[in-house]
Amino acid sequence: MSSKFFVTTPIYYVNDAPHIGHAYTTILADVLARFHRIAGDEVFFLTGLDEHGQKVKQAAEKRNLTPQAHCDDLAPRFLSLWQKLDIRFDDFIRTTQERHKKIVQLALQKVYDKGDIYVDEYEGWYSIAEERFITDTEHSSGQFRDVKKLKEKNYFFKMSKYQQRLIDYIESNPVFIRPEHRKNEMLGFLRQPLGDLCISRPKARMDWGIEIPFDKDYVTYVWFDALVNYISVPGYGSDGVRFKKWWPANVHLIGKDILTTHSIYWTTMLFSLELPLPKTIFAHGWWLMGQTKMSKSLGNVVNPLDLVEQYGVDAVRYYLMREMVLGLDANFTPDSFIKSYNSDLANDFGNLLNRVSGLIAKNHGGKIPDPGVLTTVEEEIKSQANALVGKVTQLISAYQVQEAVVSIMELVRILNKYMETQAPWKLAKIDFKAAERVLYTAAEGLRIVSIMLSPVMPNKTAAVLDILGSVGRSPVWGGLKPATVLKTHEPLFPRIEVK
RNA sequence: CGCGGGGUGGAGCAGCCCGGUAGCUCGCCAGGCUCAUAACCUGGAGGUCAUAGGUUCAAAUCCUGUCCCCGCAACCA
């Protein structure tokens, strides 16, 4: 049953270089996208950059660059990181692109014409660092520097108008905000009366933005500027057919810090634009950098991204997907990375490949043996492998990525166990046909595992499939052709030796 | 009453929404195997699921109270 899957990440703010947070969300999106692709869905995976605003302007000034030059300098840094992490996005939006700007203006005009935008004058304490007005209590807390009293005219979006409608929507669409506790958090937030949203900045103060179509002295502020990317890219206002095909998005993946902007600001904007809401807004947790003492023998490993150089992108992607339960925070420590790498990838998965390929090379002429007639033991393995595919599909559509990875790895353990109990190295001497059957079964199981893990580890699994001489990527049992010649190989995941 | 997260065998974590014999990985102990990356497999020890009440035939799981721990500088997923 194939359908469409439109997944987004936030567009990242370019006032600094990319870090683990950006990388995690993007890898997660990539993994989901790849799972849906192998399930036969048509996928659209969108990510990009948020390039306007005060802080970008300031960062540019600090470097003696124009804002655009600053953005043009940072964009490749994101792009090259995505390349390094094997992110296969379908489009990469930069909010300074013309295709985006004109749609933002179109959206603003539409909301304005509808009467959902009004002018008001506001006076209050303004924090330059925060790029926003702060409340009196915030001001008296003394926590904000660079504060000054400011009075100015601005445009406001009538967010409050849609409050009740949003509450009703959230309550009647249980998977709209996930996980559950985030939904409750938002409903709690919505118990207070919602204010309206300031959506403009006078150019006199901040001109690095998209001009408001109905007032040339103003640019629009972050909300309309950035959030609209989710519809401008799939074709809102420019390509009706395409837009109809992709919108609404299946999921906006976000970090928990920007839940309010997505589940309240963005959704009320969509109400005003009379567009359907995304099916799901999923807020994942944060990676906490464990306070484990840095070990010298490991080098100065502090950041999972550094591990890519040493251990490869697949191992890092695996770790990130395996360790974090979506929605909760997780701890990163070099130690836990090494443990999971050694036990799951080196000892279980990589070693299984060596066992199988080694025996086939030694006793079976290096060719995939003929399975012959399966016994109940093999039938059991086969049905578990086939069941796995459905189970993983189901878990992925429920955003239980960790569970999905764990259940795939369970098959690896089952296969290791199977090897142990069947002992094809013994069978080769007493019952050659049985040995053939066992090794075919183990190899085929390994093939299924590799296909199922390919969204998480695209490179290593491709290597395994290549070694096995697997043609195609069908996760249905029986894909391996007997007599296919195996390729020789090095250990897939060399153990990390720790002193 | 600032906000949020959490307290489950030695460590790290699932499970909690949709109550029904407490699960996974690591570590430890003993054994097996010897094809393999000193890897793999089997068995075992170890938990009154923070705590006090409540609801229920039944609670880690639902409700209420209490205690404790963590994050909230910047940036930000």
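The following paragraphs examine the structure supplied in this document. This one's a predicted model, so the numbers in the text were calculated from it and none came from an experiment.

What counts and what doesn't
Starting from 1, residues in each chain are numbered consecutively following that chain's sequence as written. As a convention, the first chain written is A and the first ligand written is 1, with the rest following in written order. In keeping with the predicted nature of the model, local features appear solely for residues at pLDDT of at least 70, side-chain atom pairs appear and are counted solely at 80 or more, and the whole-chain, interface and lining totals rest on all residues. Heavy atoms from the whole structure form the basis of all side-chain values; hydrogens and water molecules are not counted. Throughout, the protein atoms alone are placed on a 1 Å grid, and a set of points is a cavity if a 1.4 Å probe fits but cannot get out or a pocket if it is open with protein on both sides within 12 Å along at least five of seven lines; lining residues have an atom within 4 Å of a point. Grid points are joined across faces, edges and corners, and a volume is the space filled by probe spheres set on the points. Secondary structure counts use DSSP, requiring at least four H or I residues in a row for a helix and at least two E residues in a row for a strand, with both numbered from the N terminus. When residues are grouped by polarity, Ala, Val, Leu, Ile, Met, Phe, Trp, Tyr, Cys and Pro land in nonpolar, Asp, Glu, Lys and Arg in charged, and all others, Gly among them, in polar. Geometry of aromatic contacts follows a simple scheme: Phe, Tyr and Trp rings, the Trp one being its six-membered ring, pair when their centres are within 6.5 Å, and the pair is stacked under 30 degrees between planes, edge-to-face over 60, tilted otherwise. Relative accessible area decides the class of each residue, using a 1.4 Å probe on protein chains only: under 20% of the type maximum gives buried, over 50% gives exposed, and in between gives partly exposed. For a Lys NZ or an Arg CZ to count as sitting over a ring, it must be within 6 Å of the ring centre and within 35 degrees of the ring normal. Proximity is defined per residue: any heavy atom of the residue falling within 4 Å of a molecule or strand makes that residue near it. As used in this structure description, the phrase polar contact means that two N or O atoms lie within 3.5 Å; if the pair is within protein, one of them must be able to donate a hydrogen and the other to accept it, and residues adjacent in sequence are counted only when both atoms belong to side chains. Each reported salt bridge corresponds to a side-chain nitrogen of Lys or Arg within 4 Å of a carboxyl oxygen of Asp or Glu. For two strands to pair, DSSP has to find at least two bridges joining them. Fitted lines through C-alpha atoms give the axes, limited to the stretch in contact for helices. The angle between two N-to-C directions lies from 0 to 180 degrees. Contacts are assigned to residue pairs with any non-hydrogen atoms lying within 4.5 Å of each other.

Each pocket or cavity is described by its volume, and for the second largest pocket that value is around 320 Å³. In this structure, the second largest pocket is lined by 19 residues; those nearest its centre are His36, Ala39, Asp41, Thr393 and Ser397. Listed by contribution, the elements that provide at least two residues to the lining of the second largest pocket are strand E1 (4-13), helix H1 (20-38) and helix H15 (376-397). Per element, the largest residue contribution to the lining of the second largest pocket is five residues, and it comes from H15. Its residues assigned to classes, the lining of the second largest pocket comprises 11 nonpolar, five polar and three charged.

Tallied over the entire structure, the rule returns 30 aromatic pairs. Ring plane angle 10° and centroid distance 6.2 Å describe the contact between tyrosine 12 and phenylalanine 78, whose orientation is recorded as stacked. Taken as a pair, tyrosine 12 in strand E1 and phenylalanine 78 in helix H3 (residues 67-84) lie far apart in primary sequence, 66 residues in all. Take tyrosine 12 and phenylalanine 78: they sit in the same class, and that class is buried. Each ring, one from phenylalanine 44 and one from tryptophan 246, has its centre 5.3 Å from the other, and the planes form 35°; the classification is tilted. Taken together, the positions of phenylalanine 44 in strand E2 (residues 42-50) and tryptophan 246 in helix H10 (residues 240-246) put the pair 202 residues apart, joining distant regions of the chain. With relative accessibility at 6%, the residue tryptophan 246 sits in the buried group. Connected via pairs of aromatic rings, a cluster forms that spans Phe6, Phe44, Tyr230, Tyr236, Phe243, Trp246, Trp247 and Trp266. Note that arginine 201 overlies the ring of tyrosine 221, its terminal NZ or CZ placed 3.8 Å from the centroid. Over the ring of phenylalanine 493 we find lysine 460, and its NZ or CZ is 5.1 Å from the ring centre.

By nearness alone, 46 residues border RNA strand B, and Gly255, Asn351, Arg355, Lys417 and Phe493 come closest of all. Here the atoms of RNA strand B within 4 Å of the protein split so that 69% fall in sugar or phosphate, with bases taking the remainder. Lysine 417 has a polar side-chain atom sitting 2.9 Å from a phosphate oxygen of RNA strand B. Here a base oxygen of RNA strand B sits 3.2 Å away from a polar atom, N or O, in the main chain of leucine 492. Taken together, the elements giving at least two residues each to the surface near RNA strand B come down to E1, H1, helix H7 (180-189), strand E12 (251-255), helix H14 (334-363), helix H16 (401-422) and helix H17 (424-430). When residues of the surface near RNA strand B are assigned to their parent elements, the largest contribution, 11 residues, is made by H14. Of the residues that constitute the surface near RNA strand B, the class distribution is 16 nonpolar, 16 polar and 14 charged.

Applying the stated rule across the entire model yields 24 salt bridges. For the salt bridge of lysine 245 with glutamate 42, the shortest nitrogen-to-oxygen distance reads 2.5 Å. On the criterion of sequence distance, the pair formed by lysine 245 in helix H10 and glutamate 42 in strand E2 is long-range, its members being 203 residues apart. Given a relative accessible area of 38%, lysine 245 falls into the partly exposed group. Its salt-bridge partner being lysine 487, residue aspartate 466 comes within 2.7 Å of it at the nearest N-O pair. Taken together, the residues aspartate 466 in helix H19 (residues 458-468) and lysine 487 in the segment after H19 connect sequence positions 21 residues apart. Given the relative accessible area of 40%, aspartate 466 is considered partly exposed. Judged by its relative accessible area of 43%, lysine 487 falls in the partly exposed class. The network of salt bridges with shared partners includes Arg322, Asp344, Asp348 and Arg413.

Our focus in this paragraph is the sheet that holds strand E11 (residues 215-220). Spatial strand order, E9-E11-E10: three strands in an open sheet with antiparallel pairing. Two strands lie at the open edges of the sheet, namely strand E9 (200-202) and strand E10 (210-212), each paired on one side alone. Recorded for the sheet is a direction-independent mean angle of 50° between the axes of neighbouring strands. Inspection of the sheet shows E10 paired to E11 by three bridges, in the antiparallel sense. Residue glutamate 211 lies in a different strand from E11, and its bridge partner there is valine 219. Running over the sheet, helix H4 (residues 98-113) touches E10 and E11 and is turned about 25° from E10.

Taken by themselves, the reported measurements are silent on function.
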